[in-house]
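Observations on the three-dimensional arrangement
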Amino acid sequence: MMDADTMVLPRLGDATVEDPWGEDRPRRVTVRAATGVLRWRIVAWLVPAVLMGALGAARITESGASAGELATRRAATSPWPGIGVTLTGDDLALGPYHLLMRGWAALFGAADLALRVPSLLAMVGAAALVGALAARIATPAAGLLAGVIFAVLPASIRYAQEAQPYALAVFAAVLATWLLVPALDRPGARRLVPYAGAVLLLGVCQPVALLLLAGHGWVVLAFRRRCALRWLAAAALGLLPVAALLASGLSDGGRLASGARPGAAVLAATPGDLFGVAALGGVLAGLALFSLPLRYAAAICTAWALVPALGLLALAQAVPVWSAVNLLFTVPAWAVLGGVALSRARAAGVVAVLVLVALLAVAAQLPG
């Protein structure tokens, strides 16, 4: 192995080493190569978006309305003077979402299809951003593969077809992480203010998903600690309005989120509930092991996938908030890690894994 290829680990506690593996070094590219990369970057987000749109739109009106969707319809069809009564409820995430859907229904109606379109659009946007994020931190090939994996997951398809706030929270989580990467490289107001807006959107859509900030904070402290104060200020800017809403809702008896206490049976069922089938979770976890999670690029998504789950587990010891849907915003991170790993494999291995993921996803969609 050449000396230039040898990975040198930094000394623990050495705060001056922020890029020990040289991942941020500028690379020389020709104009022709740059044009080709740009085209592939477009493909990396466009193909997943189109695929997610096709899969999400297929049979979008076939399933009956769930209890959560019935509550959304009641809020969407309530008269404006009485909307406040409809917005009150146990789950603090539902109030802002129901208010949004009331305005949406005023423009597009309250049929099942109309109420589910915002979730479909949110998942299409999330799939595009998954591809763009993986392309940004790794390669366009990784972006394409990550976006395709995310689009075919049963959880992505399911929540693209439900009139509930979870798809919007997934979009906000991907958006916040996509904005975080350039903000940490050049932490100016032009990049940090949009990041704060994404944090605000995330908190309004699903307050418990703000555990994502714990993952972001770990990345900042581990790799970009000179930006820590500016990142903290941006995160606080997005958190303050959400904190005010949470304080008001909790004082009125609302809940942060619905869920259960994490017993052994509940924890064992989580991978299947989160990915649609437990085997898909195993495949993505296996791929994540090969994405070199100690490197800065993959560490962003490793922290996104694991740190919020650990935070939710700790929180659930005191409050019953553990559920797969409260971790749905971490699914894109697993897709990115999978895409990064596959982008380094041979073509035959890539095809084999994608076929396996597709077969498992189809099996999860079949009626039991």
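Everything below is about the structure printed above this text.
Residues numbered from 1 in each chain as written. Predicted model: local features only at pLDDT ≥ 70, side-chain atom pairs only at ≥ 80, totals over all residues. Heavy atoms only, no water.

1. Here's the deal with the side chain of serine 323
With respect to the element layout, serine 323 can be found in the loop between α14 (296-315) and α15 (331-342). The class of serine 323 is buried, set by a relative accessible area of 16%. In contact with serine 323, not counting residues within four places along its chain, are Ser258, Gly259 and Leu312. (Helix = DSSP H or I, 4+ residues; strand = E, 2+ residues; numbered from the N terminus. Buried < 20%, exposed > 50% of the residue type's maximum accessible area, 1.4 Å probe, protein only. Contact = heavy atoms within 4.5 Å.)

2. As for the nonpolar core
Counting 106 residues, the largest nonpolar core has Phe150, Tyr195, Trp304 and Val336 as the members making the most contacts within it. Of the residues forming this core, the biggest block, 15 residues, is contributed by helix α8 (residues 166-185). When near neighbours in sequence (up to four residues on either side) are disregarded, phenylalanine 150 contacts Met52, Met123, Ala126, Ala127, Val130, Ser156, Val170, Val331, Pro332 and Ala335. (Core = buried A, V, L, I, M, F, W, Y, C linked by side-chain atoms within 4.5 Å.)

3. A look at empty space enclosed by the protein
The tally for this structure, following the rule as stated, stands at two cavities of 30 Å³ or more. Considered as a void within the structure, the second largest cavity measures approximately 30 Å³ in volume. Looking at the second largest cavity, the residues that line it are Glu69, Arg73, Asp112, Leu115, Arg116 and Ala163. Broken down by secondary-structure element, the contributors of at least two residues to the lining of the second largest cavity are α2 (67-76) and α5 (112-137). If one sorts the elements of the lining of the second largest cavity by residue count, α5 sits on top with three residues. (1 Å grid on protein atoms, 1.4 Å probe; cavity = no way out; pocket = protein on both sides within 12 Å on 5 of 7 lines; lining within 4 Å. Points joined across faces, edges and corners; volume = space filled by probe spheres on them.)

4. Observations regarding the packing of aromatic side chains
One pass over the structure, following the stated rule, counts three aromatic pairs. Judged by centre distance (4.3 Å) and plane angle (40°), the ring pair of tryptophan 104 and phenylalanine 108 falls under tilted. Here tryptophan 104 pairs with phenylalanine 108, and both are found in helix α4 (residues 94-108), just four residues apart, close to one helical turn. Considering the side-chain rings of tryptophan 218 and phenylalanine 223, the 6.1 Å spacing of their centres and the 70° angle between planes classify their relative orientation as edge-to-face. We classify phenylalanine 223 as buried; its relative accessible area is 8%. (Phe/Tyr/Trp six-rings, centres within 6.5 Å; stacked < 30°, edge-to-face > 60°.)

5. Focus on the environment of alanine 209
With respect to the element layout, alanine 209 can be found in the loop between α9 (189-205) and α10 (212-223). For alanine 209, a relative accessible area of 0% corresponds to the buried category. Measuring from C-alpha to C-alpha, the distance between alanine 209 and alanine 257 comes to 9.8 Å, with 48 residues separating the pair along the chain. Residues contacting alanine 209, with those up to four places away along its chain left out, are Leu202 and Phe329.

6. Some thoughts on α4
Under the 1.5 Å per step criterion, the end-to-end length of α4 is 20 Å for 15 residues, consistent within 8% with the ideal 21 Å. Where α4 terminates, the next one or two residues include glycine 109, which has phi positive at roughly 95°. (Expected span 1.5 Å × (residues − 1).)

7. Let's talk about the pattern of salt bridges
For the structure on display, the rule yields four salt bridges. A salt bridge links arginine 73 to aspartate 112; its shortest N-O distance comes to 2.0 Å. A residue pair is termed long-range when its members are at least 10 positions apart, and arginine 73 in helix α2 and aspartate 112 in helix α5 qualify at 39 residues. With a relative accessible area of 25%, arginine 73 lands in the partly exposed category. Between aspartate 185 and arginine 224 there is a salt bridge, and its shortest N-O distance comes to 3.5 Å. Residue aspartate 185 is found in helix α8, and its partner arginine 224 is found in the loop between α10 and α11 (228-251); the two are separated by 39 residues along the sequence. Exposure remark for aspartate 185: the relative accessible area of 44% places this residue in the partly exposed category. By relative accessible area, which is 5% here, arginine 224 ends up buried. (Salt bridge = Lys/Arg side-chain N within 4 Å of Asp/Glu carboxyl O.)

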